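# An overview of the molecular structure
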Amino acid sequence: QVQLVESGGGLVQAGDSLTLTCAASARTLDIAVMAWFRQAPGKEREFVAATGWSSSGGYYAESVKGRFTISRDNAKNSVYLRMNTLKPDDAAIYYCAAKSGITNYKQPANYHYWGQGTRVTISA
């Protein structure tokens with residue numbers, strides 16, 4: 001069983017930057033993809049970014065492409081989300097998730113492990 005713990009959320013102003021961290025309790029061989037999702041009040045959980053444990057680069061939602069960067073540190077079993085030029089629409093609870101297999105990485109239902117979330121609040 002893998003536990004995911006997010007941190008780094010908080011209150012920032014529009015235009016500011018923030019980095020979220022997801023620490024995994026263990027690295028299991030069946031985890032292929034780590035991702036960030038977010039959920040704003042009254043909205044469905046949506047895909048933000050994903051990366052593979054064994055591959056470089058990331059995959060992004062159109063709404064964050066060019067502003068957010070996902071990265072990982074395999075030695076620390078950690079994944080990060082660097083968020084630049086934050087907008088009011090980016091305000092949400094951000095969740096870290098992990099899954100086996102590399103397909104269908106944008107669908108929340110395909111993820112086996114979830115963190116408890118960290119809240120990002122943005123003032124205009």
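Presented here is a report on the structure given in the accompanying data block. (Residues numbered from 1 in each chain as written. Predicted model: local features only at pLDDT ≥ 70, side-chain atom pairs only at ≥ 80, totals over all residues. Heavy atoms only, no water.)

## Quick notes on the packing of aromatic side chains
The final tally for this structure, using the stated rule, is seven aromatic pairs. With a centroid separation of 5.0 Å and 80° between ring planes, the pair formed by F37 and Y111 is classed as edge-to-face. Taken together, the residues F37 in strand β4 (residues 33–39) and Y111 in the loop between β9 (92–99) and β10 (113–114) connect sequence positions 74 residues apart. In this structure, F37 and Y111 share a single accessibility class: buried. Between Y95 and W114, the aromatic rings sit 6.3 Å apart at their centres with planes inclined by 80°, giving edge-to-face as the arrangement. Placement of Y95 in strand β9 and of W114 in strand β10 is noted, with a sequence separation of 19 residues between them. What makes Y95 buried here is its relative accessible area of 12%. Assessed through its relative accessible area of 27%, W114 is described here as partly exposed. (Phe/Tyr/Trp six-rings, centres within 6.5 Å; stacked < 30°, edge-to-face > 60°. Helix = DSSP H or I, 4+ residues; strand = E, 2+ residues; numbered from the N terminus. Buried < 20%, exposed > 50% of the residue type's maximum accessible area, 1.4 Å probe, protein only.)

## Let's talk about the pattern of salt bridges
Counted according to the given criterion, the structure contains four salt bridges. Here R38 makes a salt bridge to D90, at a shortest N to O gap of 2.9 Å. With a gap of 52 residues between them, R38 in strand β4 and D90 in the loop between β8 (78–83) and β9 connect regions that are remote in the sequence. Accessibility assignment for this pair places R38 and D90 in one class, buried. Two residues, R67 and D90, come together in a salt bridge whose shortest N-O distance is 2.7 Å. (Salt bridge = Lys/Arg side-chain N within 4 Å of Asp/Glu carboxyl O.)

## Some words on the side chain of K99
Assignment of secondary structure puts K99 in strand β9. When its relative accessible area of 4% is taken as the criterion, K99 is described as buried. If we ignore the near neighbours within four places in the chain, the residues touching K99 are D30, I31, A32, V33, N104, Y105, N110, Y111 and H112. (Contact = heavy atoms within 4.5 Å.)

## Regarding the environment of K43
Within the fold, K43 resides in the loop between β4 and β5 (46–52). Taking the C-alpha atoms as reference, K43 lies 9.6 Å from A92; in sequence the two are 49 residues apart.

## As for the nonpolar core
Core analysis: the largest hydrophobic core is formed by 37 residues, its most contacted members being L4, M34, W36, L81, M83 and Y94. Every element with two or more residues in this core is listed here: β3 (18–24), β4, β5, β7 (68–73), β8, β9 and β11 (118–123). If we skip the residues at most four places from it in the chain, L81 touches L18, T19, L20, W36, V48, A49, F68, T69, I70 and Y94. (Core = buried A, V, L, I, M, F, W, Y, C linked by side-chain atoms within 4.5 Å.)

So yeah, pure geometry; function would need other evidence.
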